Amino acid sequence: MAHKKAGGSSRNGRDSAGRRLGVKLYGGEHAIPGNIVIRQRGTRWYPGEGVGMGKDHTIFAKVEGAVTFRKGFKGRTFVDVVPQVDAAE
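Residue numbering note: each chain is counted from 1, following its sequence as written. Local features in this predicted model are restricted to residues of pLDDT 70 or higher, and side-chain atom pairs are both shown and tallied only at a pLDDT of 80 or more, whereas totals for entire chains, interfaces and linings draw on every residue. Heavy atoms from the whole structure form the basis of all side-chain values; hydrogens and water molecules are not counted.

### Here we look at a positive patch on the surface
So the rule is basically this: Patches here are clusters of residues that have more than 30% relative accessible area and form no salt bridge, with a 9 Å joining cutoff for like charges and a 5 Å cutoff for nonpolar side chains (Val, Leu, Ile, Met, Phe, Trp, Tyr). Note on areas: these come from Shrake-Rupley sampling with a 1.4 Å probe, and a residue is covered only by the protein chains present in the view. When a carboxyl oxygen of Asp or Glu lies within 4 Å of a side-chain nitrogen of Lys or Arg, that pair is called a salt bridge. None of His or the chain ends enter the tally, which takes Lys and Arg as positive and Asp and Glu as negative. Every charge is mapped to an atom, namely NZ of Lys, CZ of Arg, CG of Asp or CD of Glu. Only DSSP runs of H or I reaching four residues or more are called helices, and only runs of E reaching two or more are called strands; each is numbered from the N terminus. Accessible area is worked out with a 1.4 Å probe on protein chains only. A residue is then buried under 20% of its type maximum, exposed over 50%, and partly exposed in between.
Together, Arg-19, Arg-20, Lys-24 and Arg-41 line one region of the surface with positive charge. Tracing the backbone shows Lys-24 in the loop between β1 (22-23) and β2 (30-31). According to the relative accessible area criterion, Lys-24 is partly exposed, its value standing at 36%.

What follows is the structure, encoded as structure tokens:
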């Protein structure tokens, strides 16, 4: 009678998929309206000029231009999208 008795079930084996958070467009990169600039939990980065914040704290571009990061009030980092100035004007 060579057989195993019933083994206990493992308590491990559960894990959730990564949420793909972080900076999606870095400083100097071109953004168009609707582009996601940063996906985050909470406000690690704050919205500045030319961007908006979704209800899940996602920062997205509202205007076309270049992404910039700057330090501001209380040491907060603000994200801006600065419109490009055309040379033809």
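### A short note on the pairing of strand β3 (residues 36-39)
Where we set the bar: At least two DSSP bridges between two strands are needed for those strands to be called paired.
Pairing geometry for β1 and β3, over 2 bridges, is antiparallel. By the bridge assignment, Val-23 is partnered in β3 with Ile-38. Across 2 bridges, β3 lies against strand β6 (residues 59-61) in antiparallel orientation. Bridge assignment links Ile-38 to a residue of β6, and that residue is Ile-59.

### Side note on the nonpolar core
For clarity, the threshold we go by: In these notes, a set of buried Ala, Val, Leu, Ile, Met, Phe, Trp, Tyr and Cys residues joined through side-chain atoms within 4.5 Å is what counts as a nonpolar core. Here, residues are in contact when the closest pair of their heavy atoms is within 4.5 Å.
Counting 12 residues, the largest nonpolar core is built from Val-23, Leu-25, Ala-31, Val-37, Ile-38, Trp-45, Val-51, Ile-59, Ala-61, Val-67, Val-79 and Val-81. Contributing elements (two or more residues each) for this core: β3, β6 and β8 (77-82). Once you skip the residues sitting within four places of it in the chain, Ile-38 turns out to touch Gly-22, Val-23, Lys-24, Trp-45, Thr-58, Ile-59, Phe-69 and Val-79.

### A short note on the side chain of Thr-77
Positionally, Thr-77 belongs in strand β8. Each residue touching Thr-77, except ones within four places of it in the same chain, is listed here: Trp-45, Tyr-46, Phe-69, Arg-70 and Lys-71.

### Topic: the sheet that holds strand β4 (residues 45-47)
Ordered in space as β2-β7-β8-β4, the 4 strands form an open sheet in which the pairing is mixed. Unpaired on one side and paired on the other, β2 and β4 mark the two borders of the sheet. With 6 bridges joining them, strand β7 (residues 65-71) and β8 adopt antiparallel strand pairing. Residue pairing for β8: Val-67 is matched across the bridge by Val-81.

### Focus: the pattern of salt bridges
Within the structure shown, the criterion is met by 2 salt bridges. For the salt bridge of Asp-56 with Arg-39, the shortest nitrogen-to-oxygen distance reads 3.6 Å. One end of the pair, Asp-56, is in the loop between β5 (51-53) and β6; the other, Arg-39, is in strand β3, with 17 residues separating them in the sequence. Two residues, Arg-70 and Asp-80, come together in a salt bridge whose shortest N-O distance is 2.6 Å. Linking Arg-70 in strand β7 with Asp-80 in strand β8, this pair joins segments that are 10 residues apart in sequence. Residue classification places Arg-70 among the partly exposed residues on the basis of a relative accessible area of 36%. Assessed through its relative accessible area of 5%, Asp-80 is described here as buried.

What is shown is where atoms sit, not what they do.
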